[in-house]
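Structural description and commentary
Residues per chain are reported as follows:
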Amino acid sequence: MKIKHFFLLPALLTLLAIIVFPLVFTVRVSFSSWDVYQAGLDYIGGRNYLRVFQDSRFWQSLLRLSALSALTVTAQYVLGFALALAVWKEMRGGRIFRVLFLVPMMTTPVVMSVIWRTVFHESLGPANDLLSYVGIGPVPWLSSAAGAFVSVALVEIWQWTPFMFLLLLAGLVSLPREPFLAAAIDGAGPWRTFWQVTFPLMAPISIGALVIRLIEASKIMDTVYVMTSGGPGTATETASYYIYIRGLRDFQVGYSAALSLTYLVLMIAALTIIAKLLARLLIGKEG
């Protein structure tokens, strides 16, 4: 081993300590019956994983998470792109808007969720007060299945659209000017320039932004925990929150480890497929 390789040891040891060991230990725990009654690493084979595949509540939470992620990330991308285009075109007061757009992202998620829970309160919250001015009756934001799902989605969109805006604005600023000059010479209008020049050039950045946000959206938990606690019933229960219930509330450590690893494998596979489909759809247009 050369001397230069020794400089890699601190990073490798840190990686081993914070990633590899917990992952290996979680795999080992997933094959045990460790729970609130019996703490230990007794080997029980694949019984926990068999239970995962029979757990309809877990699969329902996974489908709910998929729907919530798809809805929120799509809305964040559309709104973020629109805001980035507006600021990129040197709209009046653009610098002020750049700062204002980033405020939601800089807010602590738990604090933000508490505030939004107050906003959506059915009798005391300002959301229903504002709706009453236009003749819409009180909306059960957090006490109905549909209302709670929409409330969580709105909060996620509000908080993370600035992140999408920031990535896409950075991409727009870095675009070459020559294609836009050529489009102007050809007489292309704003709409045609966007679809034939801006959008294709932004394809790689768009894919990166979407995948990053999908990774983060797949871990939605704090907003659900504070606003709805997965309710009413299980209407807003995501996979992460369900794993939390099994692991830290019911203290079924072995089973929650199996749930976590199953969830991890499914997310890696799904995000890999989504990234390839987005590359084929968006970059394929570019060619």
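See the structure shown above.
What comes next concerns the included structure.

1. Observations concerning the pattern of salt bridges
- Across all of its chains, the model carries four salt bridges by this definition.
- Notably, a salt bridge pairs Glu156 with Arg213, separated by 4.0 Å at the nearest N-O pair. Within this pair, whereas Glu156 is found in helix α8 (residues 145-173), its partner Arg213 is found in helix α11 (residues 203-217), the two being separated by 57 residues in sequence.
- According to the relative accessible area criterion, Arg213 is buried, its value standing at 2%.

2. With respect to the nonpolar core
- If you look at the biggest cluster of nonpolar residues, it comprises 39 residues, and the most contacted ones within it are Tyr77, Phe81, Met164, Phe165, Leu168 and Leu172.
- Of all elements in the fold, only α4 (56-88), α5 (94-106), α8, α9 (178-185), α10 (190-201), α11, α13 (239-249) and α14 (253-286) reach the threshold of two or more residues within this core.
- Setting aside anything within four residues of it in sequence, one finds Phe165 in contact with Gly80, Leu83, Ala84, Val87, Arg98, Phe101 and Leu102.
- Val52, Ala239, Tyr242 and Ile243 belong to the second-largest nonpolar core, a separate cluster that totals 14 residues.

3. With respect to the packing of helix α6 (residues 109-119) against α8
- Axis separation between α6 and α8 bottoms out at 11 Å; the angle between their running directions is 135°. For the element pair α6 / α8, the angle class is oblique. Pair α6 / α8 crosses with right-handed handedness. For the pair α6 and α8, contact is made by Pro109, Met112 and Trp116 and by Val155, Trp158 and Gln159, respectively.
- Each residue belonging to the contact of α6 with α8 can be placed in one class, and the counts come to five nonpolar, one polar and no charged.

What counts and how
One numbering rule holds for all chains: residues counted from 1, following each sequence as written. Owing to the predicted nature of the model, reporting of local features is limited to residues with pLDDT of at least 70; listing and counting of side-chain atom pairs is limited to 80 or more, with chain, interface and lining totals taken over all residues. To get the side-chain values, take all heavy atoms of the structure and skip hydrogens and water. We define a salt bridge as a side-chain nitrogen of Lys or Arg found within 4 Å of a carboxyl oxygen belonging to Asp or Glu. Helix and strand labels come from DSSP, where a helix needs a run of H or I of at least four residues and a strand needs a run of E of at least two; each type is numbered from the N terminus. Here's how the labels work: a residue is buried when its accessible area is under 20% of the maximum for its type, exposed when over 50%, partly exposed in between, all with a 1.4 Å probe on protein chains only. What makes a nonpolar core is a set of buried Ala, Val, Leu, Ile, Met, Phe, Trp, Tyr and Cys residues whose side-chain atoms join them at distances within 4.5 Å. Residues are treated as being in contact if the distance between any of their heavy atoms lies within 4.5 Å. Axes, fitted as lines to C-alpha atoms, cover a helix only where it is in contact. Angles between the N-to-C directions of the axes lie from 0 to 180 degrees. Roughly parallel here means an angle under 35 degrees, roughly antiparallel means over 145, roughly perpendicular means 65 to 115, and every remaining angle is called oblique. Handedness of a crossing follows from how the near helix is turned relative to the far one, being left-handed for an anticlockwise turn of less than a right angle and right-handed for a clockwise one. Polar here means any residue outside two lists: the nonpolar Ala, Val, Leu, Ile, Met, Phe, Trp, Tyr, Cys and Pro, and the charged Asp, Glu, Lys and Arg; Gly therefore counts as polar.

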